Amino acid sequence: MSGAGSSEEEKATSPRHLSAARRRALRTLCDDGPTSAEDIADMWRAQTPLTARAHLIGRLLWILESLDYAELTDAPGVYHATARGARALQWH
């Protein structure tokens, strides 16, 4: 029973935690595999140059890591989406 309750709790809190920018960073990690803030910025520059700042994306990744939606890989500064992060995107 507690497993079902925690799943419902995750579904309820996920939309609140995933702002549009966080969702976009998490989607990039899910779609393009493990990557760094600088690599995400490079991908975003072609689409929206004003928001493609690596230091801001680095903060997004830090928040996603705190939420357990992303985690560092063995390579320094390189993140990948967790299973929880991928599930969170499905709820949006």
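Residues numbered from 1 in each chain as written. Predicted model: local features only at pLDDT ≥ 70, side-chain atom pairs only at ≥ 80, totals over all residues. Heavy atoms only, no water.

A. Spatial organisation of the sheet that holds strand S2 (residues 70-72). On the basis of which strands lie adjacent, the open sheet formed by three strands has the order S1-S3-S2 and antiparallel pairing. Of all the strands in the sheet, just strand S1 (35-36) and S2 have a single pairing partner and so form its edges. Summarising the sheet, S2 and strand S3 (residues 78-81) pair through three bridges and their orientation is antiparallel. Bridge assignment links leucine 72 to a residue of S3, and that residue is tyrosine 79. Contacts from helix H4 (residues 54-66) reach S1, S2 and S3 within the one sheet, and its direction differs from that of S2 by about 105°. (Pairing = 2+ DSSP bridges. Helix = DSSP H or I, 4+ residues; strand = E, 2+ residues; numbered from the N terminus. Contact = heavy atoms within 4.5 Å. Axes fitted to C-alpha atoms, helices over the stretch in contact; angles between N-to-C directions.)

B. Molecular detail of unusual backbone geometry. Positive phi is not limited to glycine here, since aspartate 68 has a value of about 65°. Position of aspartate 68 relative to the elements: it lies in the loop between H4 and S2.

C. Quick look at the environment of leucine 89. Along the polypeptide, leucine 89 turns up in helix H5 (residues 83-90). As a C-alpha pair, leucine 89 and leucine 26 span 63 residues in sequence and 7.8 Å in three-dimensional space.

D. Spotlight on the pattern of salt bridges. Tallied over the full model, the rule gives two salt bridges. For the salt bridge of glutamate 38 with arginine 45, the shortest nitrogen-to-oxygen distance reads 3.5 Å. Glutamate 38 sits in the partly exposed class, given a relative accessible area of 39%. Judged by its relative accessible area of 36%, arginine 45 falls in the partly exposed class. Measuring nitrogen to oxygen at the nearest pair gives 2.5 Å for the salt bridge that ties aspartate 42 to arginine 45. Residue aspartate 42 and its partner arginine 45 are both found in helix H3 (residues 37-45); the two are separated by three residues, about one turn of the helix. (Salt bridge = Lys/Arg side-chain N within 4 Å of Asp/Glu carboxyl O. Buried < 20%, exposed > 50% of the residue type's maximum accessible area, 1.4 Å probe, protein only.)

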